[in-house]
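Coordinates in review
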Amino acid sequence: MAASAKSFLADAGYGEQELDANSALMELDKGLRSGKLGEQCEAVVRFPRLFQKYPFPILINSAFLKLADVFRVGNNFLRLCVLKVTQQSEKHLEKILNVDEFVKRVFSVIHSNDPVARAITLRMLGSMASIIPERKNAHHSIRQSLDSHDNVEVEAAIFAAANFSAQSNNGKILNMGTQSGIAALIKDYFTEITLGNKRDFAAGICNKISEMIQGLATPVDLKLKLIPILQHMHHDASLASSSRQLLQQLVTSYPSTKMVIVTLHTFTLLAASSLVDIPKQIQLLLQYLKNDPRKAVKRLAIQDLKLLANKTPHTWSRENIQALCESALHTPYDSLKLGMLSVLSTLSGTIAIKQYFSSAPGTAATTARSFDLVKLAQECCYHNNRGIAAHGVRILTNISASCQEKDLLPLEQDAVFGLEALLVLCSQDDSPGAQATLKITLTCMVKLVKCRPHLSQSVVESLLTQLHSAQDAARILMCHCLAAIAMQLPVLADGMLGDLMDLYKLIGRSATDKKQELLVSLATVIFVSSQKALSSEVKTVIKQQLENASNGWTAYRIARQASRMGNHDMARELYQSLLTQVASEHFYFWLNSLKEFSHAEQCLTGLQEDNYSSALSCIAEALKSYHKGIASLTAASTPLNPLSFQCGFVKLRIDLLQAFSQLICTCNSLKTSPPPAIATTIAMTSGNDLQRCGRISNQMKHSMEEFRNLATRYGDLYQSSFDADSATLRNVELQQQSCLLISHAIEALILDPESTSFQEYSSNGTAHVESEYERRMMSVFNRVLEEVESLNRKYAPVSYLLALSPSPRNPAEPIAVQNNQQLALKVEGVVQHGSKPGLFRKIQSVCLNVSSVLQSKSGQDYKIPIDNMTNEMEQRVEPHNDYFSTQFLLNFVILGTHNITVESSVIDSNGIVWKTGPKTTIFVKSLEDPYSQQVRLQQQQGQPPSQQQQQRTAYSRF
């Protein structure tokens, strides 16, 4: 869809009355048939909203046919409106069923004597190129219009040619289901025919464009518009090679600035798509960067080098990086040096930097030049241009983080000194440029400390020293950096907490927006540095400042950070103070649930090793608060925000605590209720050695099954959370693994010690995995509220609209099908994304499962094969422009009412299945066919069927 998604076309019709699909289409059709031009235009521009609301092929096909009629008989302004609607609704074009009729009505305007009408038609054809890439009449019209004497028509033909050429490289065929055998061969055959037609247009239009570009009669401005079409000529090697040769001739033959810029950029895009010519293109761009004296050409070369550095850094050789360093060292212009350093900083964070330093030098001269990148970065670290200095320290940071050679170890201190200098410079300036440079600096600090922990103390001291004199905007960013470093390493000592509290008191005297943001950031650093144990003085200071100079939202954000960092007592008090400051009962229940959860987690912090009696009391107190919290959380849910993940996660947390409590009670029961004296005799008699332990063996078995059930439920929650971020999913998975580990330990150590041996694990590996697991699990248990709140998203989750055909008018009414026939069930669907589709993972395909269950049987029982009694089918379809469709063929041999369930799930790009739903159900009533009914009635009456009827069977009619 076009980038202008919020144009007037999308905004039109927001005040219209809610109607069903047919009524809405009839209402718009009434406007199209109006004799007033204004009403017609208003009806046309409302169609994109109709497509967005009802995105199914039947309605879209009818709507586009009506728009095609308007395009055929209307004036040029109406045609322009239809063109804009078509361009905005590009993702729905492939749902048009009668493509031939749609194209026929639009194409009739191409024979008009009005060049503007022909130009609009050409643009319309270009916008429809995705569904008519092989139409010969459209190809012919484009070639013919390129020779027109009207500039508007020629520009429209260029637009259409570019779109059709782009489609020539797109060999994707809409996959509506899995194919096998003959179906796959037929699909491959028609795919080859389709791609052959596309290649014919690409090859033909390439020759036409080549003639026009090289022709002397073609104006220069027209040549500049024709050249970018060549970027699409990469679907086979021969055409890409001929296009590259043509571009090489143009660069040599037309040395003007505009011509060189357009040709070089097209050259780069063609190489980036064809992949094989990227090294040659890098050399060509470096040659123009070094030898061409024009600044505009140099800037274009730098821009294209940056594009290639982002896309294919592995194709950069050591010589390429060396040539770029030499150009940056010798250029006198800061703007060009900034661009070259931007390319080098991009490469320094990729595999290219390792290739640069790992190449074995052959001569002494080569060895000296191999450090030109280091020399350039060291010179630029203290440059008076902030951008150049930022790229210099980023290069040094990436080299220090990526390369472990001893010769490069002294660069660590150079990187630290450069970062400190930039920190001092940018923290005193609140301009947007200084803040952008400061973000780069702080990001490099976090990366350097993560890779070089021994540098953390000096970096943190520099940040704390500069925090007092910095601007408020810089302080916020510096606090984020301190929190990020402290989360990785315990570098904030107790002595530093006093400085942070003094600064917190000073900031709290103001109530500006920046001060509010700074309060939250600084409180986060305090929570991290306190290591989950806030003193009463710190709590008092934070609450006093919040009462004096903060609003409710700031207090909520600080409470949320306290929950994330494990300071549940502080969080509970803040949530309690906010309960009376909200205007909605849903918000009240939400805050009350968070307060109860914080109190529950605070109770669990009192758990001590080897003190099982206190553990039971702590868990019981926590469960009491959790039950209160889940009641409030359920009351906080609304139809638009059902809080399904939050409720599911908390319920699992409650069941997990109950399982732990039961496990502790079971272990204690061995003391309070030891095995009877005859337990040994019972064990020998039954042959079950576990009977020696008495009834505790059955209790342990019950606990093992309970933890396995919890692990299964955690797995179901994981699979249903397609829109969750990776940290949330990782923590849910850790909870699942902890339940599996406990159940496995019960089975291996108590119930069946001989089934599992721990001898196969080495001591070092066991210790490492155990400590790593323990560290990660503690972070999970102490940050439960982060998981509860993490999916209170501002992004709408992925959802689906499913439509089944045939479908009954009344949902409770069954569909009638004869038992000797098969039902063709068509399943259509539209994927509905949130504001940011593919935020954490992308949908690769949709898995559709269809199953039928016999609900009630009518008639006599017959011996029918089991295969005919049920229907269990699965198909995977790839959505195209968020639309998918497939069909199932179902048998209903048994007479009666059958319940058909269609359930959809999502498969991401990694092949992981996510059970996101939805689940749709319809009813089918299987009826006896008339002939079989007649034969059965005759047999019941004792009349033998006639000879003609005996020869007739259910299959003879076909």
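Residues numbered from 1 in each chain as written. Predicted model: local features only at pLDDT ≥ 70, side-chain atom pairs only at ≥ 80, totals over all residues. Heavy atoms only, no water.

**What about the overall build of the chain?**
Scanning the chain from terminus to terminus reveals 41 helices and 9 strands. Of all 958 residues assigned to the chain, the portion counted as buried reaches 47%. Taking the intrachain contacts of the chain between residues at least 6 apart in sequence as the baseline, contacts between residues at least 24 apart amount to 73%. Approximately 47,200 Å² of the chain is accessible, and the part contributed by carbon and sulfur atoms is 53%. (Helix = DSSP H or I, 4+ residues; strand = E, 2+ residues; numbered from the N terminus. Buried < 20%, exposed > 50% of the residue type's maximum accessible area, 1.4 Å probe, protein only. Contact = heavy atoms within 4.5 Å. Areas by Shrake-Rupley, 256 points an atom, 1.4 Å probe, with all protein chains shown as cover.)

**Things to note about the packing of helix H5 (residues 57–73) against helix H6 (residues 76–88)**
H6 packs onto H5 with a crossing angle of 150° between their chain directions and a minimal axis gap of 8 Å. Here H6 runs roughly antiparallel to H5, going by the angle between their axes. The two elements H5 and H6 meet at a crossing, and its hand is left-handed. When H5 is examined against H6, the residues Phe 64, Leu 67, Val 70, Phe 71 and Arg 72 are found in contact with a partner set consisting of Leu 78, Arg 79, Val 82, Val 85 and Thr 86. (Axes fitted to C-alpha atoms, helices over the stretch in contact; angles between N-to-C directions. Parallel < 35°, antiparallel > 145°, perpendicular 65-115°, else oblique. Left-handed = near helix turned anticlockwise from the far one by under 90°.)

**Here we look at the nonpolar core**
Formed by 207 residues in total, the largest nonpolar core has its most connected members in Phe 47, Trp 316, Leu 463 and Tyr 504. Leaving out residues up to four positions away in the same chain, Tyr 504 has contacts with Leu 519, Leu 522, Ala 523, Ile 526, Val 541, Ile 542, Gln 545, Leu 546 and Ile 558. Counting 20 residues, the second largest nonpolar core, distinct from the first, contains Leu 848, Val 850, Val 877 and Val 924. (Core = buried A, V, L, I, M, F, W, Y, C linked by side-chain atoms within 4.5 Å.)

**Observations regarding the side chain of Thr 437**
You can see Thr 437 is positioned in helix H24 (residues 432–451). Note on Thr 437: relative accessible area 7%, which makes it buried. Those residues within four positions of Thr 437 in sequence are excluded, and the remaining contacts are Arg 386, Ala 390, Leu 422 and Cys 426.

**Remarks on the pairing of strand S2 (residues 815–818)**
Burial along S2 is one-sided: Ile 815 and Val 817 are buried, and none of Ala 816 and Gln 818, which face the opposite way, are. In this structure, S2 lies alongside strand S9 (residues 919–927), joined through 4 bridges in parallel fashion. When the bridges of S9 are listed, Val 817 appears paired with Ser 926. (Pairing = 2+ DSSP bridges.)

**Some words on the environment of Asp 655**
Relative to the helices and strands, Asp 655 is located in helix H34 (residues 644–672). In this structure the C-alpha to C-alpha distance between Asp 655 and Leu 710, which are 55 residues apart in sequence, comes to 7.7 Å. If we ignore the near neighbours within four places in the chain, the residues touching Asp 655 are Leu 710 and Arg 713.

**Focus on the packing of aromatic side chains**
Following the criterion strictly, the structure yields 10 aromatic pairs and no others. An angle of 90° between the planes, with centres 5.0 Å apart, marks the rings of Tyr 356 and Phe 357 as edge-to-face. Across the pair, exposure class does not vary: Tyr 356 and Phe 357 are buried alike. Ring-pair connections join several aromatic residues into one group, and the members of that group are Phe 47, Phe 51, Phe 64 and Phe 102. If you follow Arg 123 out to its NZ or CZ, it ends over the ring of Phe 159, 5.1 Å from the centre. (Phe/Tyr/Trp six-rings, centres within 6.5 Å; stacked < 30°, edge-to-face > 60°. Lys NZ or Arg CZ within 6 Å of the ring centre and 35° of its normal.)

**Let's talk about the pattern of salt bridges**
The tally for this structure, following the rule as stated, stands at 23 salt bridges. Here Lys 595 and Glu 596 are joined by a salt bridge, their closest N and O atoms 3.5 Å apart. Take Lys 595 and Glu 596: they sit in the same class, and that class is buried. Taken together, the shared-partner salt bridges in this structure form one network comprising Asp 69, Arg 72, Glu 101 and Arg 105. (Salt bridge = Lys/Arg side-chain N within 4 Å of Asp/Glu carboxyl O.)

**Let's talk about the environment of Ile 209**
Along the chain, the position of Ile 209 falls in helix H11 (residues 182–214). For the pair Ile 209 and Ile 227, spaced 18 residues apart in the sequence, the C-alpha separation amounts to 7.9 Å. Sequence-distant contacts of Ile 209, defined by excluding residues within four places in its chain, comprise Leu 226, Ile 229 and Leu 230.

**Here's the deal with the confidence of the model for the chain**
Per-residue confidence for the chain gives a mean pLDDT of 79; residues scoring 70 or more make up 79%. Throughout residues 1–18 the model reports pLDDT below 50, and contacts reaching past four residues in sequence, or to other chains, amount to 23 contacts. (pLDDT = per-residue confidence, 0-100.)

**Focus on unusual backbone geometry**
Excluding glycine, most residues fall at negative phi; most peptide bonds, likewise, are trans. Even without being a glycine, Leu 275 presents a positive backbone phi close to 70°. Here Leu 275 shows up in the loop between helix H14 (257–274) and helix H15 (278–291). In this structure, Leu 643 is a non-glycine residue whose phi angle is positive, near 55°. Turning to its location among the elements, Leu 643 is positioned in the loop between helix H33 (612–636) and H34.

**Observations regarding the state of the cysteines**
This structure, assessed with the given rule, holds 0 disulfides. Looking at the unpaired Cys 481, the closest cysteine sulfur is the one in Cys 479, lying at 9.9 Å. Among the residues examined, Cys 481 registers a relative accessible area of 4% and is labelled buried. (Disulfide = S-S within 2.5 Å.)

**Looking at H6**
Its 13 residues place the ends of H6 18 Å apart at the C-alpha level, agreeing with the 18 Å of an ideal helix rising 1.5 Å per residue. Turning to H6, its buried residues number three or more, namely Leu 78, Arg 79, Cys 81, Val 82, Leu 83, Val 85, Thr 86 and Gln 88. (Expected span 1.5 Å × (residues − 1).)

**What about the packing of helix H31 (residues 568–578) against helix H32 (residues 585–604)?**
Two numbers describe how H31 lies on H32: the axes approach to 8 Å, and their chain directions differ by 160°. In terms of their interaxial angle, H31 and H32 are classed as roughly antiparallel. Crossing hand, H31 versus H32: left-handed. Two secondary-structure elements touch here, H31 through His 568, Asp 569, Ala 571, Arg 572, Tyr 575, Gln 576 and Leu 578 and H32 through Leu 591, Leu 594, Lys 595, Ser 598, His 599, Glu 601 and Gln 602. Classifying every residue of the contact of H31 with H32 by side-chain character gives 5 nonpolar, 5 polar and 4 charged. (Nonpolar A, V, L, I, M, F, W, Y, C, P; charged D, E, K, R; others polar.)

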